[in-house]
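# Inside the fold
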Amino acid sequence: MNALFKALNDPTRRAILERLRGGPATAGAIAEQFQFSAPTISHHLDLLRQAGLVTSQKQGQFVVYTLNMTVFDELLGWLYQFKS
């Protein structure tokens, strides 16, 4: 759970998640939307992947990233327990 909150703590990573809400995208397509270097975006994507928020799949020479909604469901379930 700590990796999840660490990943969500950064505004760039949250913006990447919002971008992926529109559907899967390659690392290059994601990087084009930010004013950061490709290695910086790759680092953010790796932290999101480690937290389980995104999945990655190699397709030829590209890596395609997709939201992992299961983790979001688990997070919501965990948060819901605090609602009185």
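Summary of the structure given here. Given the structure is predicted, the values throughout are model-derived calculations rather than measurements.

### A look at the pairing of strand S3 (residues 62-67)
Within a regular strand, the side chains alternate between the two sheet faces. One ladder, built from 2 bridges, connects strand S1 (residues 25-26) with S3; its direction is antiparallel. Pairing of Ala 25 across the sheet is with Tyr 65, part of S3. By the bridge criterion, 6 bridges tie strand S2 (residues 54-59) to S3 in an arrangement that is antiparallel. Bridge pairing in S3 places Gln 57 opposite Val 64.

### As for the environment of Val 63
Considering the arrangement of structural elements, one finds Val 63 in strand S3. For Val 63, a relative accessible area of 26% gives the class partly exposed. On a C-alpha basis, the gap between Val 63 and Ala 7 in space is 20 Å, while along the polypeptide they are 56 residues apart. With residues up to four places along the chain from it excluded, the contact list for Val 63 reads Ala 25, Thr 26, Ala 27, Ser 56, Gln 57 and Lys 58.

Calculation rules
- Residues numbered from 1 in each chain as written.
- Predicted model: local features only at pLDDT ≥ 70, side-chain atom pairs only at ≥ 80, totals over all residues.
- Heavy atoms only, no water.
- Pairing = 2+ DSSP bridges.
- Helix = DSSP H or I, 4+ residues; strand = E, 2+ residues; numbered from the N terminus.
- Buried < 20%, exposed > 50% of the residue type's maximum accessible area, 1.4 Å probe, protein only.
- Contact = heavy atoms within 4.5 Å.

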